[in-house]
Amino acid sequence: MAQIGKPYVWGAVGPSSYDCSGLTSAAWAAAGHPIPRTSQAQWGGLTRVSLSSARPGDLIIYYSDATHVGMYIGGGQIVHAPRPGRNITTAPAASMPVLGVVRPGA
């Protein structure tokens with residue numbers, strides 16, 4: 001959440017800017033649990049859980065080709081780095097087509 005307001009930059013992994021998967025991988029690395037770097041690798045390599053069982057810290061993967069990821073923060077919201085020209089922000093978890101949910105460390 002401390003990254004809110006920082007800019008999206010494609011390929012960035014922080015600390016001054018992030019892309020979507022750079023944000024999620026940096027957050028989990030900071031928590032002492034490294035995860036794959038890209039949204040596709042996160043989708044392919046982490047334990048899948050149902051959307052109805054999502055809990056804070058889980059990653060919601062978006063679009064059929066797993067090209068976007070946000071971190072679930074509870075209350076039906078995610079924190080994510082949306083796209084070039086935008087800053088890290090919160091959004092409704094259902095604001096984009098959900099592919100599925102993965103749980104790092106599961």
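Residues numbered from 1 in each chain as written. Predicted model: local features only at pLDDT ≥ 70, side-chain atom pairs only at ≥ 80, totals over all residues. Heavy atoms only, no water.

Novice: Quick question: what am I supposed to make of the nonpolar core here?
Specialist: Side chains that are nonpolar tend, in soluble globular proteins, to be buried together. Within the largest apolar cluster, 17 residues are counted, with the highest numbers of intra-cluster contacts made by L59, I61, I88 and V102. Elements that contribute at least two residues to this core include exactly helix 1 (20–30), strand 2 (59–62) and strand 3 (68–74). With three residues, helix 1 is the largest single contributor of residues to this core. Beyond its immediate sequence surroundings of up to four residues, I61 is in contact with S39, Q42, W43, A66, H68, V69, P97, V98, L99, G100 and V102. (Core = buried A, V, L, I, M, F, W, Y, C linked by side-chain atoms within 4.5 Å. Buried < 20%, exposed > 50% of the residue type's maximum accessible area, 1.4 Å probe, protein only. Helix = DSSP H or I, 4+ residues; strand = E, 2+ residues; numbered from the N terminus. Contact = heavy atoms within 4.5 Å.)

Novice: Sorry if this is basic, but what is going on with the pairing of strand 4 (residues 77–80) here?
Specialist: Each regular strand shows side chains that alternate between the opposite faces of the sheet. As paired elements, strand 3 and strand 4 share three bridges and run antiparallel to each other. In the strand pairing of strand 4, Y72 is matched with I78. Hairpin geometry of strand 3 and strand 4 is characterised by an intervening segment of two residues between the two adjacent antiparallel strands and by a positive phi of about 60° at G75. In this sheet, strand 5 (residues 89–92) lies alongside strand 4 in antiparallel orientation, the contact comprising four bridges. For H80, the partnering residue across the bridge sits in strand 5 and is T89. (Pairing = 2+ DSSP bridges.)

Novice: What is the right way to look at the environment of V98 in this model?
Specialist: Its place among the elements puts V98 in strand 6 (residues 98–103). The sequence separation of V98 and I61 amounts to 37 residues, and the corresponding C-alpha distance is 6.1 Å. Not counting residues within four places of it along the chain, the set of residues in contact with V98 comprises L51, I60, I61, Y62 and A93.

Novice: How should the pattern of salt bridges be read in this particular structure?
Specialist: One side chain can pair with another of opposite charge once the charged atoms of both are near each other. Counted by the stated rule, this structure contains two salt bridges. For the salt bridge of D19 with R37, the shortest nitrogen-to-oxygen distance reads 3.0 Å. Taken together, the positions of D19 in the segment before helix 1 and R37 in the loop between helix 1 and helix 2 (39–45) put the pair 18 residues apart, joining distant regions of the chain. A relative accessible area of 29% places R37 in the partly exposed class. (Salt bridge = Lys/Arg side-chain N within 4 Å of Asp/Glu carboxyl O.)

Novice: Even after reading the chapter, I still don't get the sheet that holds strand 2, so can you show me in this structure?
Specialist: Strand pairing in a sheet is mediated by backbone hydrogen bonds. Such pairs are either parallel or antiparallel. One open sheet holds the six strands; their spatial order is 1-6-2-3-4-5, and the pairing between them is antiparallel. Of all strands in the sheet, those bounded by a partner on one side alone are strand 1 (47–49) and strand 5. For this sheet, the mean inter-axis angle between neighbouring strands, taken without regard to orientation, is 40°. Along the sheet face, helix 1 touches strand 2, strand 3 and strand 4 and points at about 50° away from the line of strand 3. (Axes fitted to C-alpha atoms, helices over the stretch in contact; angles between N-to-C directions.)

Novice: What's the story with unusual backbone geometry in this structure? I'm lost.
Specialist: What is expected of a backbone is that most residues other than glycine have negative phi and most peptide bonds are trans. G14 connects to P15 through a cis peptide bond whose omega is 5°. In this structure, Y63 is a non-glycine residue whose phi angle is positive, near 70°. Along the chain, the position of Y63 falls in the loop between strand 2 and strand 3. Not every positive phi belongs to a glycine, and A66 is a case in point at roughly 55°. The topology assignment puts A66 in the loop between strand 2 and strand 3. The class for A66 is buried, based on a relative accessible area of 3%.

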